[in-house]
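Descriptive structure summary
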There are 2 protein chains.
Amino acid sequence: MENIKSYVQQHKDRFINELIELLKIPSVSADAAYSQDVINTSEAVKISLEKAGCDFVEICDTPGYPIVYGEKIIDPSLPTVLVYGHYDVQPADPMELWTSPPFEPVIKKTDIHPEGAIFARGACDDKGQMYMHVKALEYMVQSNTLPCNVKFMIEGEEEVGSKSLSWFVERNQEKLKNDVILISDTGMISNQQPSITTGLRGLSYVEVEVTGPNRDLHSGLYGGAVANPINVLAKMIASLHDEDNHITIPGFYDNVQELSLEERAEMAKAPFNLENYKKALDLNDVYGEKGYVTNERNSIRPTLDVNGIWGGYTGEGAKTVIASKAFAKISMRLVPNQDWEQITELFTKHFMSIAPAGVTVKVKPHHGGQGYVTPIDSIGYKAANMAYTETFGVPAIPVRSGGSIPIVALFEKELKSKTILMGFGLDSDAIHSPNEHFGIFNYLKGIETIPLFYKYFVELSK
Amino acid sequence: MENIKSYVQQHKDRFINELIELLKIPSVSADAAYSQDVINTSEAVKISLEKAGCDFVEICDTPGYPIVYGEKIIDPSLPTVLVYGHYDVQPADPMELWTSPPFEPVIKKTDIHPEGAIFARGACDDKGQMYMHVKALEYMVQSNTLPCNVKFMIEGEEEVGSKSLSWFVERNQEKLKNDVILISDTGMISNQQPSITTGLRGLSYVEVEVTGPNRDLHSGLYGGAVANPINVLAKMIASLHDEDNHITIPGFYDNVQELSLEERAEMAKAPFNLENYKKALDLNDVYGEKGYVTNERNSIRPTLDVNGIWGGYTGEGAKTVIASKAFAKISMRLVPNQDWEQITELFTKHFMSIAPAGVTVKVKPHHGGQGYVTPIDSIGYKAANMAYTETFGVPAIPVRSGGSIPIVALFEKELKSKTILMGFGLDSDAIHSPNEHFGIFNYLKGIETIPLFYKYFVELSK
């Protein structure tokens, strides 16, 4: 497939500019202030799919943000690839830490990306990786090399739990019928060493509220005499881990899939340098569950992290107040076999039970999803590996990721097909952080690799 | 002194309207956004003192907000009363909890204030109580009954630690020379039972910062593998109290003045109803240091409260992030004999020492002040008690307050004179909270009582 290389070379400036236009729209699904921008982004995605060569594209209304569906059916007897991606992005704050505005994309060179990287919120997660598939389709249509049917399902609520997607998938199983699901919303080890994510962690995300007195109080007149909701919340959060950083919620580990020493030895082979890891994060030391190394702590082990906390006076200067309420957003990363709804129940039950007299506690589940493992002996995995091997010159390494794409488990349940996670981002791309970026190399390499997946998948399916 | 009663009756509408005008200026010293308003308030106070009859008034520049100084010297051989008050106010947030805008004063009737109360930030703390002294002077000048010399020192940084006041007092000891210092910045038990605050708690106020990774991280990819600054901060805060709610900072209690059982029995006589206390705050239970009752926990015992906490994503919806930093504002209320600077050192040393590997910790002292006890056998205390007894019909009860007026200790050190705390506010006036208010009854009763203090203080000084 030499043509794809030359096609990419010939059109790369346009590919980059089209992506930059898409990145300019602040489609932050978590913040209602951006709702019109999220809608506008779905329109832009629809148009891009039509231009790329889909025969049919529609914007499907849902209880939440719309889902863009597109398809090109060349022969019902041929296999069908369903491409999933999302056009919404994470909130950009803290804004002040961005070296350039999050929604004014610029290309800058970095040590890891000497050919330059596009800096913008969503560059890698997931507008950039999603758009690789749109451009790959364009190539296959233009060069008349599309070997099978293709369907696109691009949603706008991935960063807030994909609620409407589940609703949509449950109601459109026939329309979404496919032989394999292809997603680029993960990373790879390095630009020299491709990898395919074979495992994902599940997620349970909750928000807690601790209420003490019915109003903010003067800390001098009441300090020491009433429960301070912030002190109490801190105490409750602290108690969720023991001294070995095991999570203390009763039953939390009951269904955790323990890996064999062999499997852990296999994992240990993935290139990893602890010193570089600490250096990259300016950490004097790592931290985590006793008995596991860093690569295990962030992939095969469940975790509990506070993602946000707030209460009392947080402005300039000093205010001697005892707040009436304190809040925290808490998420738990789960491993295969842990059921997120059950874990959410266990958390809620436990958190309510440890509330001391003098406060009332509310737990509001936000969203969640199951963990997932992809079999490496599937046709889809093999086809992806062959594609990477051809474009990168080395085979891909299977890795377990700590991240969550809850809908992968949903797809298997509702659509009865396997998902292949062909990620082209890097850990250093700062997704969910200030200065998110996506390498030009990675973007173009993705466009180059995807058509090969189609080719090999169809060949192996025969 | 029947005249004062009738004078107040005759002029009360004007007294109320003048205070309302003063309350309209948002003099929030903690927030630089209001700096011009703070300055404007000092101008308004200057004019009010001139109108009330001071012979000399000046706005004194300081490293921070100006101090308004005024005086009326009728005879150097007579005693001199120094009136202290502050024209700055606490921040008004959370704004949404105010039933009327904090800087648009309105008079509303309440169960406790059937004659109405002025609702506005600063109504009680301290503009209303400070202005009682201005109007009391007006009466004494108009009625030619001022029995001694009077000096006013009204500052604009009380809510942020009175830094400039210390600077000013140290440099103006001759100018501020006095025989007694009179302050109305505290409360009394009820409108039927006046009380005089004889003890105050000291204060140490710090801000802490916990830094983990050098940037916000994706909680899926890094969760479990790096120290989460919010989880760590929660753990550190939780460890500052033991199971009995004793503070765990080594040396914290070393200089705490333990009261005798007799003294505690005396305190227990002050009217207090735990059920009403809980009901007023919608609490199912109180909370605090083991071995002490509510009235002791908030007065004779030192405390540690988090006044504000923030970190990570606190916006709408969910963001799966591990924050780079987490922050908290922490204040400790101290009792007589605890030195606030030493306690600040002990806190800092201890807090740094409990930081786990994987994070770095900063502690920034905000401000502080010493505790204080007023002897009830002093002329000043006796004069105040006689004044209350005459206007309320019952003697005042001496009480220890949990609040802090750090400068009271400073005054004794620098000016070698005792302070009398003639408070007319009520605990229910919600100072430092939304819907702060000050009873019309209390305001007018204060104006009526103050001249009597002057009368008896001069008589007892002979």
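Residues numbered from 1 in each chain as written. Chains lettered and ligands numbered in written order. Predicted model: local features only at pLDDT ≥ 70, side-chain atom pairs only at ≥ 80, totals over all residues. Heavy atoms only, no water.

1. Describing the interface of chain B and chain A
Contacts between the two partners involve 92 residues from chain B and, on the opposite side, 93 residues from chain A. Summed over both sides, the interface between chain B and chain A buries roughly 7,800 Å², with carbon and sulfur atoms accounting for 52% of that surface. Inspection of the region where chain B meets chain A yields 44 residue pairs in polar contact (both at pLDDT 80 or more). Examining the composition of the side of chain B that touches chain A, we find that ten residues originate from one element, strand S11 (residues 303-312) of chain B, more than from any other. Here the residues of the side of chain B that touches chain A sort into 38 nonpolar, 34 polar and 20 charged. In this structure, strand S11 (residues 303-312) of chain A lies alongside S11(B), joined through five bridges in antiparallel fashion. Paired with A:Ile309 across the two strands is B:Gly311, which belongs to S11(B). (Contact = heavy atoms within 4.5 Å. Buried area = accessible area lost by both parts, 1.4 Å probe. Polar contact = N/O pair within 3.5 Å; in protein donor to acceptor, adjacent residues only side chain to side chain. Helix = DSSP H or I, 4+ residues; strand = E, 2+ residues; numbered from the N terminus. Nonpolar A, V, L, I, M, F, W, Y, C, P; charged D, E, K, R; others polar. Pairing = 2+ DSSP bridges.)

2. Here's the deal with the sheet that holds strand S18 (residues 437-439) of chain B
All names here are of chain B. The sheet built from three strands is open, its strands ordered S4-S5-S18 with antiparallel pairing. Pairing within the sheet leaves two strands with one partner each, and these edge strands are strand S4 (106-108) and S18. The average undirected angle you get between the axes of adjacent strands in this sheet is 30 degrees. The pairing of S4 with strand S5 (residues 117-119) spans three bridges and is antiparallel. (Axes fitted to C-alpha atoms, helices over the stretch in contact; angles between N-to-C directions.)

3. Remarks on the UniProt feature "domain: Peptidase M20 dimerisation" (unreviewed entry) in chain A
As recorded in UniProt, the feature "domain: Peptidase M20 dimerisation" (unreviewed entry) lies at residues 199-357 of chain A. In residues 199-357 of chain A, the share of helix is 30% and the share of strand is 23%. The end C-alpha atoms are 42 Å apart. (UniProt positions renumbered as here; feature names shortened; annotations may be inferred.)

4. A closer look at the side chain of A:Lys135
All names here are of chain A. Looking at the secondary structure, you find Lys135 in helix H3 (residues 127-142). Side chain to side chain, Lys135 and Glu138 meet in a polar contact 2.6 Å long. If sequence neighbours within four positions are ignored, Lys135 has contacts with Arg14, Phe15, Glu18, Tyr443 and Ile447.

5. What about the pairing of strand S7 (residues 180-183) of chain B?
All names here are of chain B. Side chains Val180 and Leu182 of S7 all project onto a buried face; the interleaved residues Ile181 and Ile183 project onto the opposite face, where all are buried too. The pairing of strand S3 (residues 80-86) with S7 spans four bridges and is classified as parallel. When the bridges of S7 are listed, Tyr84 appears paired with Ile183. The pairing of S7 with strand S17 (residues 419-421) spans three bridges and is parallel. Bridge assignment links Ile183 to a residue of S17, and that residue is Leu421. (Buried < 20%, exposed > 50% of the residue type's maximum accessible area, 1.4 Å probe, protein only.)

6. Description of the domain arrangement of chain A
Where the parts come together, the accessible area they lose is often given as the size of the interface. Residue and element names in this part refer to chain A. Partitioning chain A into structural domains gives domain 1 (2-200 + 371-461) and domain 2 (204-256 + 302-369). When each unit is reduced to the centre of its C-alpha atoms, the spacing between domain 1 and domain 2 is 35 Å. The interface of domain 1 with domain 2 comprises twelve residues on the first partner and six residues on the second. Counting each side, the surface lost to burial between domain 1 and domain 2 is near 660 Å², with a carbon and sulfur contribution of 52%. Inspection of the region where domain 1 meets domain 2 yields zero salt bridges. Our count for the domain 1 to domain 2 interface comes out at one residue pair in polar contact (both at pLDDT 80 or more). Broken down by class, the residue content of the side of domain 1 that touches domain 2 amounts to five nonpolar, five polar and two charged. (Domains from an automatic or database assignment. Salt bridge = Lys/Arg side-chain N within 4 Å of Asp/Glu carboxyl O.)

7. Focus: the packing of helix H2 (residues 35-52) of chain A against H3(A)
Two packed helices can be described by the angle between their axes and the distance between those axes. Residue and element names in this part refer to chain A. Contact geometry for H2 and H3: axes closest at 8 Å, N-to-C directions at 25 degrees. Classified by the angle their axes make, H2 and H3 are roughly parallel. Where H2 abuts H3, its residues Thr41, Val45, Ser48, Leu49 and Ala52 lie against Lys127, Met130, Tyr131, Val134, Leu137, Glu138 and Val141. Considering only residue class, the contact of H2 with H3 consists of eight nonpolar, two polar and two charged. (Parallel < 35°, antiparallel > 145°, perpendicular 65-115°, else oblique.)

8. Comments concerning the packing of helix H4 (residues 163-171) of chain B against helix H12 (residues 407-415) of chain B
All names here are of chain B. Two numbers describe how H4 lies on H12: the axes approach to 10 Å, and their chain directions differ by 15 degrees. Judged by the inter-axis angle, H4 sits roughly parallel to H12. Crossing of H4 over H12 shows right-handed handedness. Contacts between H4 and H12 involve Leu165, Ser166, Val169 and Glu170 from the first element and Ile407, Leu410, Phe411, Glu414 and Leu415 from the second. (Left-handed = near helix turned anticlockwise from the far one by under 90°.)

9. What to know about the sheet that holds strand S14 (residues 360-369) of chain B
The strand order across the open sheet formed by eight strands is S14(A)-S9(A)-S13(A)-S11(A)-S11(B)-S13(B)-S9(B)-S14(B), and the pairing between neighbours is antiparallel. Each edge of the open sheet carries a strand with a single partner, namely strand S14 (360-369) of chain A together with S14 of chain B. Taken over all neighbouring pairs, the strand axes of this sheet differ in orientation by 20 degrees on average, direction set aside. Bridge count for strand S9 (residues 202-211) of chain B against strand S13 (residues 325-334) of chain B is ten bridges, and the pairing is antiparallel. Bridge pairing links B:Tyr205 to B:Ser331 in S13(B). Of the strands in this sheet, strand S9 (202-211), S11, strand S13 (325-334) and S14 of chain A touch helix H10 (residues 340-353) of chain A, which is tilted by about 165 degrees from S14(A).

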